[in-house]
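Analysis of the macromolecular model
Each chain, letter by letter, is given below.
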Amino acid sequence: MQSALGLALKQTREAGGGRVHVIRLRIGVLSGVVPDALEFAFGALAPGTPAEGARLVIESVPARFWCEACAREFQSEDLLAECPDCHRASGELRAGREMELASLEID
Amino acid sequence: MCNDCGCGLPGEKPAGVGAHHSEPAHEHGHGHEHEHDHEHGPGHHHGHDHSHPHRHPHTHAEAHAEPGHDAAPPAENEARRTVEVRRAILEKNERLAERNRGFFRARGLLVLNFLSSPGSGKTTFIRESVRRLEPDLKAGVIVGDLATDNDARRLRESGAPVVQVTTGTVCHLEAEMVGRAVQQLDLRDRNVLIIENVGNLVCPASYDLGEDLRVVLLSVTEGEDKPLKYPPMFQSADVVIISKIDLAAACGYDRAAALANLRRVSPRARIFETSAQTGEGMDAWREFLCEQQRARRTLGPLG
């Protein structure tokens, strides 16, 4: 969260902004990030910075896998993905590990 | 600090922690039993009801909208604007990991990042691997722990140069720590670098250190379903070492179930079943590393 907050404050400064009102993050379900922990860390780190009191919005990005045998992509809400056609476990993860600062609302 | 669990907050007892919590700032190993969605996007149901309270008051702007506060009230939002950023949060770590990778590649080092829960046998396995790799492969070791240099002392018994990184309250190694530690390591005649990460199956999964191979240990004493409980870590593995197989019978280890679970979560990982105590499986592991090292040598420096 420190790197997320650091990046958010830097982007705010570069955009000539004063305060941060909303921080939007995109977090893949397979990123290993626990959203509760992010919120907790944000609550501890933000006070005293221009992001104090900002709202943290976390968008969860579902995991998308590629099945080699069927040459198709499929989405899985299960962290342990199986191709819906051939029921084989997929080796190739195409999305779901993101940890991204998507956008900011600033003034 | 860690993006995953929030460890390593500045100060021993960060402001706001003691005031709002009767529990420690974070618990390692709480895992991913709940993924929560914040009510956006269709179809993210994980069978978990989101009634958990927010335990800290600083997250929401509303908490600060009392008179006299300089935040704009919600009704007067004209000055607000949205800035699209779309940048990776761990960018800094990724940059430093790439720098490490270039440094390692230029020296022809095969670099392994060892990850597992505490107590699955990383240190003993590494010590025995280093001994058995001589004289073909000569390893240097970086070992991360929150405190003490006990593991470094144990690893020095192998004869390899060892640097201990004590991370304090941080639950994982970062590329920057490895970059600094490697400066203290005499790598002149070395062709393998082994990094023993902090024992933790959650957060270290997110931090690239510049390694060639991610090696995840699973000991037979941990339960066959561990890969199902910690998918991100096992999903990221290039190699899975099943350790302590000499104890398999004593702890009722179900080999078929463990392998089936691993194939489900880590289908691309090479699996080695080993015992550092009896030496079982260690030759196959040694041969694999020799092959990998040869492949690095022919690859040449990056770029």
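Reading the values: rules and limits
Residues numbered from 1 in each chain as written. Chains lettered and ligands numbered in written order. Predicted model: local features only at pLDDT ≥ 70, side-chain atom pairs only at ≥ 80, totals over all residues. Heavy atoms only, no water. Helix = DSSP H or I, 4+ residues; strand = E, 2+ residues; numbered from the N terminus. Buried < 20%, exposed > 50% of the residue type's maximum accessible area, 1.4 Å probe, protein only. Contact = heavy atoms within 4.5 Å. Areas by Shrake-Rupley, 256 points an atom, 1.4 Å probe, with all protein chains shown as cover. Salt bridge = Lys/Arg side-chain N within 4 Å of Asp/Glu carboxyl O. Core = buried A, V, L, I, M, F, W, Y, C linked by side-chain atoms within 4.5 Å. Disulfide = S-S within 2.5 Å. Arc of directions from axis to C-beta. Polar contact = N/O pair within 3.5 Å; in protein donor to acceptor, adjacent residues only side chain to side chain. Axes fitted to C-alpha atoms, helices over the stretch in contact; angles between N-to-C directions. Left-handed = near helix turned anticlockwise from the far one by under 90°. Nonpolar A, V, L, I, M, F, W, Y, C, P; charged D, E, K, R; others polar.

Regarding its fold elements, chain A presents two helices and six strands. Its helices and strands in sequence order give chain A the pattern α-β-α-β-β-β-β-β, from N to C terminus. Taking all 107 residues of chain A together, 61% fall into the buried category. Taking contacts inside chain A between residues at least 6 apart in sequence as the whole, the part at least 24 apart equals 68%. Roughly 3800 Å² of accessible area belongs to chain A as shown, and the carbon and sulfur atoms make up 44% of that amount.

What follows covers the pattern of salt bridges. When charged atoms on two side chains of opposite charge get close, those side chains can pair. All names here are of chain B. Applying the stated rule across the entire model yields 29 salt bridges over all chains. For the salt bridge of Asp136 with Arg286, the shortest nitrogen-to-oxygen distance reads 2.7 Å. Here the residue Asp136 occupies a position in the loop between helix 3 (122–133) and strand 3 (139–145), and Arg286 occupies one in helix 9 (residues 282–299), the gap between them amounting to 150 residues. Each of Arg127, Glu128, Arg131 and Glu157 takes part in a single network of salt bridges with overlapping partners.

Residues and elements named next belong to chain B. Along the chain, Met282 falls in helix 9. In the structure, Met282 is positioned 153 residues away from Ser129 in sequence and 7.4 Å away in space, judged by C-alpha atoms. Not counting chain neighbours up to four residues away, the residues in contact with Met282 comprise Phe125, Glu128, Ser129, Arg132, Thr274, Ser275 and Ala276.

Let us look at the nonpolar core. With 29 residues, the main nonpolar core has Ile23, Leu25, Phe42 and Leu104 of chain A as its most contacted residues. When contributions to this core are tallied by element, the ones reaching two or more residues are helix 1 (2–14), strand 1 (20–28), helix 2 (35–45), strand 2 (55–61) and strand 6 (99–106) of chain A together with strand 1 (81–88) of chain B. Here the element with the most residues in this core is helix 1 of chain A; it accounts for five residues. Contact partners of Leu25 of chain A, with chain neighbours within four places excluded, come to Ala4, Leu38, Leu56, Val57, Ile58, Glu59, Glu100, Leu101 and Ala102 of chain A together with Ile89 of chain B.

Residues and elements named next belong to chain A. Under the counting rule described, the total for this entry stands at zero disulfides over all chains. As a non-bridged cysteine, Cys83 has Cys67 as the owner of its nearest cysteine sulfur, 3.7 Å distant. Classification of Cys83 as buried rests on a relative accessible area of 1%.

A few words now on helix 8 (residues 255–265) of chain B. Within an α-helix, residues lying three or four positions from one another point in the same direction, as the helix has 3.6 residues per turn. Residues and elements named next belong to chain B. Listing the buried residues of helix 8 in full gives Ala258, Leu259, Asn261, Leu262 and Val265. The buried side chains of helix 8 occupy one side of the element, clustering within an arc of 160° when seen end-on. Turned more than 90 degrees from where helix 8 packs its buried face, Ala256 and Arg263 sit exposed. The N-cap of helix 8, judged by a side-chain oxygen 3.3 Å from the amide nitrogen of Ala256 a few residues on, is Asp254.

Residue and element names in this part refer to chain B. Running from amino to carboxyl end, helix 2 (residues 91–106) crosses helix 5 (residues 175–183) at an angle of 30°, the nearest separation of the two axes being 8 Å. Our pair here, helix 2 against helix 5, has a crossing hand that is left-handed. In this structure, helix 2 contributes Asn93, Leu96, Ala97, Asn100, Phe103 and Phe104 to the contact, and helix 5 contributes Ala175, Glu176, Val178, Gly179 and Val182. For the contact of helix 2 with helix 5, the residue count by class is seven nonpolar, three polar and one charged.

The values are spatial; any link to function lies outside them.
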